[in-house]
Amino acid sequence: MLIWTRFPRHEYAQEIILSRNVGCVIGIAGLQHVYPELDPNKPRWADLDARVNAVPPGKPIHIHPILNRMPNVKLDTYIANIDEFAFPIIERYRHRVKRWTLCNELLLCSHRLNGRLVQPHVFDFYERVSNAFPELDLWIGEYGLRSIQRVHGKNGILDSLYELKAAAPTFKGLVAVDYMDLSAAGSNRYVTSLKRIAPQLALGKFKEHIQHIKEKTGVQIAIETSVYTGPDPTQTLVAQQAKAYQQYLGLCDRHQLELWQWNLVDGPAVSMTWARDREKTERPGWIDSNGAVKAWAEEFME
């Protein structure tokens, strides 16, 4: 089982990550990262170039994602001109990066474009990229997979993955987004707020759904997560955090999944956009800001 992590722009975190046997996920949060002016003729390559070039040859890279859920006006603009925006990015890095998440949190999105759900546009996008770049492995990301309806319902994740496989022969995998917040402040629809519930009990339905998706579709699956405790956690919360990671790792090991520990290193490199006020003091990583592996995480980093 290979562990992956977000490869941030902070050099100290990059050095720690590159010293470990982990894959590098270069998160770009959608097309607006390269085209902040919504103009395909005005790309900004500096940040993405720097992070891709910082990863030495032989170290696995995954770019995630090209198109992300965002305010509707931007989503409409990007989807209507997706080839003009997306293809130059893929062309620029295709010889260095084999794995790409084209869309994240859009597959089960209810937003409509010209009267059509986004979903058919997603299928079309994957088909065109698969045909144009047959050497690449294509992935898709989605959240909320603890929900029975989002997994088994009409046009749920199972139906959608079947269509994706039919449309794009090079479609390989699903990134199942599932974050945990153990703090009392935890409340967000993207995050599982466990509070006092034991983490080992909370993964039950999620385990069943992930196993079912893998068995029915045959796609590769990566679980993207971080387990948050809030600032200055008690020893009880730290112990619960360790148990939660053990559960995720056990699930991945049992079913040959990847684990994307989104925040491997504590400090200013932590990414937690849904709780900006806690970002500077949050410690969801397995490695502290000084580069030392936490005692409870040593078995994970062997």
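Residues numbered from 1 in each chain as written. Predicted model: local features only at pLDDT ≥ 70, side-chain atom pairs only at ≥ 80, totals over all residues. Heavy atoms only, no water.

A. Representation of the nonpolar core in the model. I89, W100, L102, Y126, I140 and W286 are the most contacted members of the largest nonpolar core, which totals 87 residues. Among the elements that take part in this core, helix α10 (residues 235-255) stands out by supplying nine residues, more than any other. (Core = buried A, V, L, I, M, F, W, Y, C linked by side-chain atoms within 4.5 Å. Buried < 20%, exposed > 50% of the residue type's maximum accessible area, 1.4 Å probe, protein only. Helix = DSSP H or I, 4+ residues; strand = E, 2+ residues; numbered from the N terminus.)

B. Just the packing of aromatic side chains, in detail. Evaluated as defined, the whole model comprises 13 aromatic pairs. Taking 6.4 Å as the distance between ring centres and 40° as the angle between the ring planes, the aromatic pair formed by W4 and W260 counts as tilted. Placement of W4 in strand β1 (residues 3-6) and of W260 in strand β14 (residues 258-261) is noted, with a sequence separation of 256 residues between them. Per residue, the accessibility class of W4 equals that of W260, and both read buried. (Phe/Tyr/Trp six-rings, centres within 6.5 Å; stacked < 30°, edge-to-face > 60°.)

C. Looking closely at helix α4 (residues 82-93). When the terminal C-alpha atoms of α4 are compared, their 17 Å separation across 12 residues agrees well with the 16 Å that a helix rising 1.5 Å per residue should span. Of all the residues in α4, the buried ones are I82, F85, A86, F87, I89, I90 and Y93. (Expected span 1.5 Å × (residues − 1).)

D. Just the pattern of salt bridges, in detail. Counted according to the given criterion, the structure contains 15 salt bridges. One salt bridge in this structure joins E91 and R94, with 3.2 Å as the shortest N-O distance. Ionic pairing is found between R94 and E135, a salt bridge with its closest N-O pair at 2.8 Å. Residue R94 is found in the loop between α4 and β5 (99-104), and its partner E135 is found in the loop between α5 (118-132) and β8 (137-143); the two are separated by 41 residues along the sequence. (Salt bridge = Lys/Arg side-chain N within 4 Å of Asp/Glu carboxyl O.)

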